[in-house]
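Coordinate inspection notes
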Amino acid sequence: MMPDSTCIEPRFTRGEWNVQTDTLQPGDIQLWYFDLSDTNSLLEPARSRLTPDDAARAGRFLRQEPQNSFMIRRGLLRRLLGLHTGSRLYPCALEYSAGGQPMMPASRDGLRPLFFSVSHTGSDLLFALAKSWPVGVDIEEERPVRDLQRMMLKSCSGEEINRISKLPEPERVRAFYKVWTLKEAISKAAGSGLTPEILRNSPSRMFHQYYFTLLNRMAGAVAAEHPVLRFRWRTCPAKLMIGG
């Protein structure tokens, strides 16, 4: 059985960075946060970063808002992957797991140059990058839950429902978001999506997992197959990254 979840504290490095001295080391996870509230200024630069496959996937969205959000996320992802693979923009087509999670293509020897995970809620976006093994990340705005008992029955194990229900009422929603984000992060690290097995079991039985509070209003979690040696938090204006 894996150890219990560990609380981590976001400590961001802001402003200028030097990618030559910011390379990922084995055992590191780098987390990049972006504020996407200024959609209008990001859309055209993002569109110019897309590959034909990216553009085709964007075209599958029926509504403009999620289509725009996808293009901005994908444009930023290609810039980040480019920074860590020695190019201005990562040009290769991505592969997808059975659960629909995007991945960098493997080389002939089966190795991937980098692993990544993406999560967004509203205008907040978080990327996790790792060199050694698959990683999963999730963030969720901590909003009131109208029918918490019904949500727990759908997405928590009996043990988790019992533990959350024993908490004082003001603490229950936060505890639920902690469980939910851990399961989302695990599903991404596994590449499976949210399967019944993940929903039925407590997260600590499956992956090493870490939880955090982001900007005092979001629950967040990271899942990994092995212990993380170091978390490295990064942020800069999204327009600076996507237009760089």
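Whatever comes next refers back to the structure up there.
From a predicted model like this one, the values you see are computed outputs, not experimental measurements. (Residues numbered from 1 in each chain as written. Predicted model: local features only at pLDDT ≥ 70, side-chain atom pairs only at ≥ 80, totals over all residues. Heavy atoms only, no water.)

Some details on the nonpolar core
Grouped together as the largest cluster of nonpolar side chains are 29 residues, with contacts concentrated most on Trp 32, Phe 34, Leu 36, Leu 76, Leu 81, Phe 127 and Met 241. Elements that contribute at least two residues to this core include exactly β3 (28-35), α1 (39-49), α3 (64-84), β7 (124-130) and α8 (238-242). In terms of residues, this core owes the most to one element, α3, which gives eight residues. (Core = buried A, V, L, I, M, F, W, Y, C linked by side-chain atoms within 4.5 Å. Buried < 20%, exposed > 50% of the residue type's maximum accessible area, 1.4 Å probe, protein only. Helix = DSSP H or I, 4+ residues; strand = E, 2+ residues; numbered from the N terminus.)

With respect to the layout of surface pockets
Taken as a whole, the largest pocket holds about 780 Å³ of empty space. Taken together, 35 residues form the lining of the largest pocket, with Gly 100, Gln 101, Pro 102, Val 118 and Lys 188 sitting closest to its centre. Contributions of two or more residues to the lining of the largest pocket are made by α3, β5 (102-103), β6 (115-121), β8 (135-141) and α6 (169-190). Within the lining of the largest pocket, the residues separate by chemical class into 17 nonpolar, nine polar and nine charged. (1 Å grid on protein atoms, 1.4 Å probe; cavity = no way out; pocket = protein on both sides within 12 Å on 5 of 7 lines; lining within 4 Å. Points joined across faces, edges and corners; volume = space filled by probe spheres on them. Nonpolar A, V, L, I, M, F, W, Y, C, P; charged D, E, K, R; others polar.)

Re the sheet that holds β7
The strand order across the open sheet built from five strands is β2-β11-β3-β7-β6, with neighbouring strands paired in mixed fashion. Only two strands of the sheet have a single partner each, and these edge strands are β2 (12-13) and β6. With six bridges connecting them, β3 and strand β11 (residues 230-235) associate as parallel partners. Counted as the bridge partner of Gln 30 is Arg 232 from β11. In this fold α3 packs onto β3, β6 and β7, with an angle of close to 30° to the strand it touches most, β7. (Pairing = 2+ DSSP bridges. Contact = heavy atoms within 4.5 Å. Axes fitted to C-alpha atoms, helices over the stretch in contact; angles between N-to-C directions.)

Notes on the sheet that holds strand β10 (residues 218-224)
The sheet built from four strands is open, its strands ordered β1-β9-β10-β8 with mixed pairing. Here the strands that pair on one side only, and so sit at the sheet edges, are β1 (6-7) and β8. Where β1 and strand β9 (residues 208-214) come together, two bridges link them in parallel fashion. Paired with Thr 6 across the two strands is Tyr 210, which belongs to β9.

Digging into the environment of Val 118
Checked against the element boundaries, Val 118 lands in strand β6. Put simply, Val 118 and Leu 129 are 11 residues apart on the chain and 9.1 Å apart in space, counted from C-alpha to C-alpha. Those residues in contact with Val 118, other than ones at most four positions away along the chain, are Arg 73, Leu 125, Leu 126, Phe 127, Val 137 and Lys 188.

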